[in-house]
Protein chains: 2
Amino acid sequence: MLNITRRQFLTYVGAAGGSSALLKTSLAMGLMPDEAYAGPVQVKPAAHGSKPTVLILGAGIAGLATALELERAGFHCTILEASHRAGGRNLTVRHGDKIDEMGNTQICNFDKDENLFFNCGPARIPGHHRRILHYCRALGVPLQIKANSCKLAYFQDDKSFGGKPVRQIEYHADVRGLMSELVWKSAHSNQYDQLMSEEDVAKLVKFAQLHGDLSDTGKYVGTERAGSTTDRMLQFPKSNPPIELKAMLDSSFWQGGLLGAELYDWCEPLMEPSGGMDAVVKGFLRHLKNPPIVNAQVKKIYNREGGVEVSYEHQGKFHTMQADYCFNNIPAYFMAGIENNFSAVYQAGLDSIKRGHLFKIAYQMKERFWEKEGIYGGISYSADPINQIWYPSHDIHAPKGILLGAYTWDPKASATFEAMTPAERLIAGAKSGEKVHPGFSQYIENGISIPWARMNHQMGCGMRMSPEDFANYYPLLQKPEGRHFMIGDQISHHSGWQEGALASSEQALQQLNKVLGAHASPKGVNHGGVSHVA
Amino acid sequence: MLNITRRQFLTYVGAAGGSSALLKTSLAMGLMPDEAYAGPVQVKPAAHGSKPTVLILGAGIAGLATALELERAGFHCTILEASHRAGGRNLTVRHGDKIDEMGNTQICNFDKDENLFFNCGPARIPGHHRRILHYCRALGVPLQIKANSCKLAYFQDDKSFGGKPVRQIEYHADVRGLMSELVWKSAHSNQYDQLMSEEDVAKLVKFAQLHGDLSDTGKYVGTERAGSTTDRMLQFPKSNPPIELKAMLDSSFWQGGLLGAELYDWCEPLMEPSGGMDAVVKGFLRHLKNPPIVNAQVKKIYNREGGVEVSYEHQGKFHTMQADYCFNNIPAYFMAGIENNFSAVYQAGLDSIKRGHLFKIAYQMKERFWEKEGIYGGISYSADPINQIWYPSHDIHAPKGILLGAYTWDPKASATFEAMTPAERLIAGAKSGEKVHPGFSQYIENGISIPWARMNHQMGCGMRMSPEDFANYYPLLQKPEGRHFMIGDQISHHSGWQEGALASSEQALQQLNKVLGAHASPKGVNHGGVSHVA
């Protein structure tokens, strides 16, 4: 390092001793999302020479992670998956891939190009989702930034501003300006004098002025922060006149998209695996000793003395397997149809989990027309049932792109689309897209849609429980019933995110560790193998 | 497209006719940064059989773009560059590269790895910088999203909150909450009744409540939007108590970093060329017929009858060249030292352009420790002279990373660093870094700094003019003096950005087109070639 040694350098900085450790303890005004995270649960290793067996039902993210951690501890895991593939709702479709919707099988018509993909389920990872980020690191999943917020993208509502799409940056700046003007006005007319000292009121006036970019007399007259109506590279910038306060209050955007980038899970920057979210699934599969058995539909789950017995159908045959433990990633609302000997209250808990609705459309666009409007990723918000339009932020300036033409989790909006044929959905989405981007439809080459509530083996997305059911049943579902552990984002406080699925796995493995402590060494009747009964 | 033809589809959407064109005209509440941009200036092509000659002084971005457009129109361009390389302030250093600081030549000690690079000059591109984006597209420069804003990164000021680093997301959420509380209070106590209707006041109350995440009684008590002190994946989220209004007003962050992401040029998402900003320079060089002559120092510029004569030193020899036109990208404040026959007022204009100060430090870090804190790109803001710390958002989870440890354009802060040796700068930067990230120094493997005001052939960055000088001289400098055209970001309203440089080129070529129109066919004394006089 130039002309000094590393040791000298650290001495000069004053960081050589314990000073930095000292400072560290005085930190943490802000949260430290990852410092408390020491990695996945270390499962108590199997006793020397023993190989306890585990059945994992469902090859979603929670199932895959559970299998990985158990394999590392020396357990033998068998994963049974009902559908034709691993990953659960972590589903990325490309040319030729199937969307297995009930009665509406769709085949993806995108061009044969690895970068033309559609993340049907999870599509982004915030920096504080430490568990999924751990697995991306550990499994060698390459990540890239996913632009989630784009200030140049639009808000559009037929009922606001005559239906005209409004650039988010203008609305954002105007809301800040108008609010600051109100605060300035109140502060300036001594209305906060009882709340704070004269000196603080003076500071507040200055704050409001800078925050809102107000004039010297506290007026908001627009701001260059939202761009310029002139070519600001060659002329003095000139700002657009602002929205009026009344029009702002009448508009719908402050009730919707305005706060999008302010939600904790959506805070910039977000990430995505390069080439598609299914890179996470592929990462798990690369590291698992036993690949999942697909097209294996579970029919019975029985807690037995010292183990669990699971029966399933596979390629027209009926099998029964026994294992020391079972981790169950099957959507809980399917459990009513699976024979079991769970306690009534546990089964009632499973029944109480309702399915969420979530719907997406993806269009292959022959040109990335949005880039010509300055939009390189992020989201436009629509008041139509499509709710959101997402622009790809990877493969910038490529000839074509996959645009998310609808993304809603509103049950009513989703139901509108669920009732349509796939072709009708594409038409409805395009009609709404036209309002945000006139000419939108002309760029569409093909499209595909996914109504999660109509997907085979899923029939919904996420977990919905009434507050009463949640209070009554949830603590129960977080603990094992016999040797059966429920997992999946459904058994987390954060369903609909892979991070919730991984947390459920962590929680279940912690419970397992308790059980293993009690069992001393896990060798029940099923020790050493799995019995198949045709 | 499923079971309908493309034509049917467009008919169903109602987009087949002129309807979308119609809608388009009713748009534009928001600006359309790119729609007005039709690409670079088409230079009036050289007359058949003629090959007008052009001398371009300085191989910065403006010079390279000017040469490219002129070559396309059939002109013969010679680029003279004083330094050892093309690109000007578009400088990316990697292992072994030189920072040509006066008296302090530094050689970059980063590991030999293409992805360990430091963009010493421009480092990001917003979506509305349509000219540089045009060239990235046209020259095949691959772009990726550059996370510019990171809500999980910090604000740090010794004088605020006892010097503790504060997560930006908390401060952002608290400012929004506290402001909303003030507005709620004023609205609720009828203080806006003269400004608006009762109905609108009621809307304002609702707005403030949602915007700030206030309680039903209009109190701001913290928000889950800023995260949770519990593990929100497995427990109910709990928000941090908010900063108090007085403490917020006393803090410095609202005067600095808080508005960072609100500036038009910094609005998310920004981009960077994959692998370093110099990909832009390489792109130009790939497409230029005549590569720049480097180490060629211009000594004289004379407007002659029907042409321009330029003398320069190259490899110890003195050369004189003549050409039909000259485009001059040399920092204007150097022109005082270059013999010329410009009018007194033009020379006074050149003299009036002052140099800006800009300083950066880059450290090679042996671990990407920031990622463990949930930071995957973006900027922390410091009140120390370092001003900003930038985290790389490319090569996520790589073993090492280049961290920008200082980035300031404040003349005083820059001067502090300019007066130091390179080693002292690294120490000073690390001391400030320690306050944001205790333990910062322990990760440093090596580092390098760039004080642009001390760089050979630059001696500054950007353009600074007094308002009087600007009014007196700038319009003059935007027009040619004889056949000599000044270019560079210095001749734009937006210096310090490549977009400004390209705008200056566009402007000069438009002026050239006017001249060419007047000259009818550009064949002066210099037609057909360049004369070299040793």
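Criteria and cut-off values
- Residues numbered from 1 in each chain as written.
- Chains lettered and ligands numbered in written order.
- Predicted model: local features only at pLDDT ≥ 70, side-chain atom pairs only at ≥ 80, totals over all residues.
- Heavy atoms only, no water.
- Helix = DSSP H or I, 4+ residues; strand = E, 2+ residues; numbered from the N terminus.
- Buried < 20%, exposed > 50% of the residue type's maximum accessible area, 1.4 Å probe, protein only.
- Contact = heavy atoms within 4.5 Å.
- Areas by Shrake-Rupley, 256 points an atom, 1.4 Å probe, with all protein chains shown as cover.
- Lys, Arg positive; Asp, Glu negative; His and termini not counted.
- Charge placed at Lys NZ, Arg CZ, Asp CG, Glu CD.
- Pairing = 2+ DSSP bridges.
- Least-squares fit on C-alpha atoms with pLDDT ≥ 70 in both.
- Axes fitted to C-alpha atoms, helices over the stretch in contact; angles between N-to-C directions.
- Parallel < 35°, antiparallel > 145°, perpendicular 65-115°, else oblique.
- Left-handed = near helix turned anticlockwise from the far one by under 90°.
- Nonpolar A, V, L, I, M, F, W, Y, C, P; charged D, E, K, R; others polar.
- Core = buried A, V, L, I, M, F, W, Y, C linked by side-chain atoms within 4.5 Å.
- pLDDT = per-residue confidence, 0-100.
- Disulfide = S-S within 2.5 Å.
- Salt bridge = Lys/Arg side-chain N within 4 Å of Asp/Glu carboxyl O.
- Polar contact = N/O pair within 3.5 Å; in protein donor to acceptor, adjacent residues only side chain to side chain.
- Arc of directions from axis to C-beta.
- Phe/Tyr/Trp six-rings, centres within 6.5 Å; stacked < 30°, edge-to-face > 60°.
- Lys NZ or Arg CZ within 6 Å of the ring centre and 35° of its normal.

Engineer: Could you give me a rundown of the overall build of chain A, with the residues and numbers involved?
Structural biologist: Helix and strand counts for chain A come out as 14 helices and 24 strands. Seen through its C-alpha atoms, chain A measures out along the principal axes to roughly 80 × 65 × 55 Å. A burial count over chain A gives 63% of its 534 residues as buried. Across chain A, contacts joining residues at least 24 apart in sequence account for 70% of those joining residues at least 6 apart. When the accessible surface of chain A is summed, it comes to about 19600 Å², and 52% of that surface belongs to carbon and sulfur atoms. Here chain A contributes 53 positively and 53 negatively charged side chains, and the mean placements of these two sets differ by 5 Å.

Engineer: Give me the lowdown on the sheet that holds strand β12 (residues 296-304) of chain A, citing residues and values where you can.
Structural biologist: Residue and element names in this part refer to chain A. Spatially, β14-β13-β12-β16 is the arrangement adopted by the four strands of the open sheet, whose pairing is mixed. With one partner strand each, in any of the chains shown, β14 (317-323) and β16 (339-340) form the two edges of the open sheet. Pairing of β12 with strand β13 (residues 307-314) involves eight bridges; the strand directions are antiparallel. Among the inter-strand pairings, Gln297 is bridged to a residue of β13, identified as Glu313.

Engineer: How would you summarise the relation of the copies chain B and chain A if you had to cite specific residues and measurements?
Structural biologist: When chain B is fitted onto chain A, the two copies agree to an RMSD of 0.0 Å after a turn of 180° and an axial shift of 0.0 Å. Taken together, these values place the two copies in the relation of a two-fold axis. Residue by residue, 100% of the interface of chain B is reproduced at the interface of chain A, so both copies engage with the same surface.

Engineer: How would you summarise the packing of helix α5 (residues 168-188) of chain A against helix α6 (residues 198-212) of chain B if you had to cite specific residues and measurements?
Structural biologist: The geometry of α5 of chain A relative to α6 of chain B is characterised by a closest axis approach of 13 Å and an angle of 115° between their N-to-C directions. Taken together, the axis directions place α5 of chain A and α6 of chain B in an arrangement best described as roughly perpendicular. Between α5 of chain A and α6 of chain B lies a crossing whose hand is left-handed. Seen from α5 of chain A, the contacting residues are Val175, Met179 and Leu182 of chain A; seen from α6 of chain B, they are Leu204, Phe207 and His211 of chain B. Class assignment for the residues of the contact of α5 of chain A with α6 of chain B results in five nonpolar, one polar and no charged.

Engineer: Just give me the short version of the sheet that holds strand β8 (residues 143-146) of chain B, but keep the residues and values in it.
Structural biologist: Residue and element names in this part refer to chain B. In space, the three strands of this open sheet follow the order β7-β11-β8, with antiparallel pairing throughout. Bordering the open sheet on either side are β7 (125-126) and β8, each of which pairs with just one other strand. Here β8 runs beside strand β11 (residues 270-273); their pairing, made up of four bridges, is antiparallel. Counted as the bridge partner of Gln144 is Glu272 from β11.

Engineer: Any chance you could break down the nonpolar core for me, citing the residues and the numbers?
Structural biologist: Burial of nonpolar side chains together is a common tendency in soluble globular proteins. One finds Phe118, Tyr171 and Met248 of chain A together with Phe118, Tyr171 and Met248 of chain B to be the most contacted residues of the largest nonpolar core, which totals 169 residues. Residues contacting Tyr171 of chain B, with those up to four places away along its chain left out, are Phe155, Phe161, Val166, Ile243, Met248, Ser251, Phe253, Trp254 and Leu258 of chain B.

Engineer: For the confidence of the model for chain A, give the residues involved together with the corresponding values.
Structural biologist: Atomic detail in the predicted coordinates should be set aside for any region of low pLDDT. All names here are of chain A. Across chain A, pLDDT averages 92, with 92% of residues at or above 70. In this model, residues 17-34 is a region of pLDDT below 50 whose contacts with residues beyond four sequence positions or in other chains number 44 contacts. Across residues 522-534, where pLDDT falls below 50, the model places 38 contacts with residues more than four positions away in sequence or in other chains.

Engineer: Help me get a handle on the state of the cysteines, residues and values and all.
Structural biologist: Counted under the stated rule, the structure contains zero disulfides over all chains. Its sulfur unpaired, Cys120 of chain A is 8.1 Å from the next cysteine sulfur, which belongs to Cys108 of chain A. Residue classification places Cys120 of chain A among the buried residues on the basis of a relative accessible area of 0%. With no disulfide of its own, Cys326 of chain B lies 11 Å from the sulfur of Cys77 of chain B, the closest cysteine sulfur.

Engineer: Tell me about the pairing of strand β18 (residues 359-365) of chain B, and name the residues and values.
Structural biologist: Residues and elements named next belong to chain B. For β18, the buried fraction is high: seven of the seven residues fall into the buried class. Covered by surrounding structure in β18 are Phe359, Ile361, Tyr363 and Met365 together with Lys360, Ala362 and Gln364, the residues of both alternating faces. Pairing of β18 with strand β22 (residues 444-451), which is carried by seven bridges, proceeds in the antiparallel orientation. Counted as the bridge partner of Gln364 is Asn446 from β22.

Engineer: Go over the pairing of strand β20 (residues 388-391) of chain A, please, and point to the residues and values.
Structural biologist: Residue and element names in this part refer to chain A. The alternating pattern of β20 places Gln388 and Trp390 and Ile389 and Tyr391 on opposite faces, both of which are buried. Relative to β20, strand β19 (residues 378-382) runs antiparallel, the two sharing four bridges. Across the sheet, the residue bridging to Ser380 is Ile389, located in β20. Here β19 folds back onto β20 in antiparallel fashion, the turn holding five residues, of which Asn387 has a positive phi close to 70°.

Engineer: Lay out the pattern of salt bridges in plain terms, naming residues and giving numbers.
Structural biologist: For the structure shown, the criterion picks out 54 salt bridges over all chains. The salt bridge involving Arg131 of chain B is made with Glu506 of chain B; its shortest N-O contact spans 2.7 Å. On the criterion of sequence distance, the pair formed by Arg131 of chain B in helix α4 (residues 130-139) and Glu506 of chain B in helix α13 (residues 498-519) is long-range, its members being 375 residues apart. One salt bridge in this structure joins Asp384 of chain B and Lys435 of chain B, with 2.8 Å as the shortest N-O distance. Remark: Lys435 of chain B occurs in helix α11 (residues 422-436) and Asp384 of chain B occurs in the loop between β19 (378-382) and β20 (388-391); sequence separation between them is 51 residues. Asp384 of chain B gets classed as buried once you look at its relative accessible area, which sits at 13%. Since its relative accessible area comes to 25%, Lys435 of chain B is described here as partly exposed. Through salt bridges with shared partners, a single network forms among Arg130, Arg131, Glu499 and Glu506 of chain A together with Asp231 of chain B.

Engineer: Give a description of the interface of chain B and chain A that names residues and reports values.
Structural biologist: Each side of the interface is counted separately: chain B has 132 residues, and chain A has 132 residues. In this assembly, chain B and chain A are joined by 14 salt bridges. Note that Asp250 of chain B and Lys203 of chain A form a salt bridge whose closest N and O atoms lie 2.3 Å from each other. At the boundary of chain B with chain A, the tally comes to 37 residue pairs in polar contact (both at pLDDT 80 or more). Per-element accounting of the side of chain B that touches chain A gives the leading share, 10 residues, to helix α5 (residues 168-188) of chain B.

Engineer: A description of helix α10 (residues 411-418) of chain B should follow, citing residues and the corresponding values.
Structural biologist: Residues and elements named next belong to chain B. Those residues of α10 that sit buried are Ala413, Ser414, Phe417 and Glu418. Down the axis of α10, the buried set is contained in an arc of 140°. They therefore lie on one face. Where α10 is buried, its residues meet β18, β21 (401-408), α11 and β22.

Engineer: Quick one: what's the story with unusual backbone geometry, residue by residue and with numbers?
Structural biologist: Glycine aside, the phi torsion of most residues is negative, and most peptide linkages are trans. A cis geometry characterises the amide bond from Glu268 of chain A onward to Pro269 of chain A, with omega recorded as -10°. Along the chain, Pro269 of chain A turns up in the loop between α7 (245-250) and β11 (270-273). Here Gln315 of chain B, not a glycine, exhibits a phi torsion of approximately 50°, which is positive. With respect to the secondary-structure elements, Gln315 of chain B resides in the loop between β13 (307-314) and β14 (317-323).

Engineer: Account for the packing of aromatic side chains, with residues named and values stated.
Structural biologist: Each pair of aromatic rings is reported with the distance of its centres and the angle of its planes. Under the criterion given, the structure shown has 42 aromatic pairs over all chains. Judged by centre distance (5.1 Å) and plane angle (75°), the ring pair of Phe369 of chain A and Trp370 of chain A falls under edge-to-face. The same class applies to Phe369 of chain A and to Trp370 of chain A, which are both buried. Seen from their ring centres, Tyr333 of chain B and Phe334 of chain B are 5.3 Å apart, and the 70° between their planes marks the pair as edge-to-face. The ring of Trp390 of chain A carries the charged tip of Lys360 of chain A above its face, separated from the ring centre by 5.7 Å.

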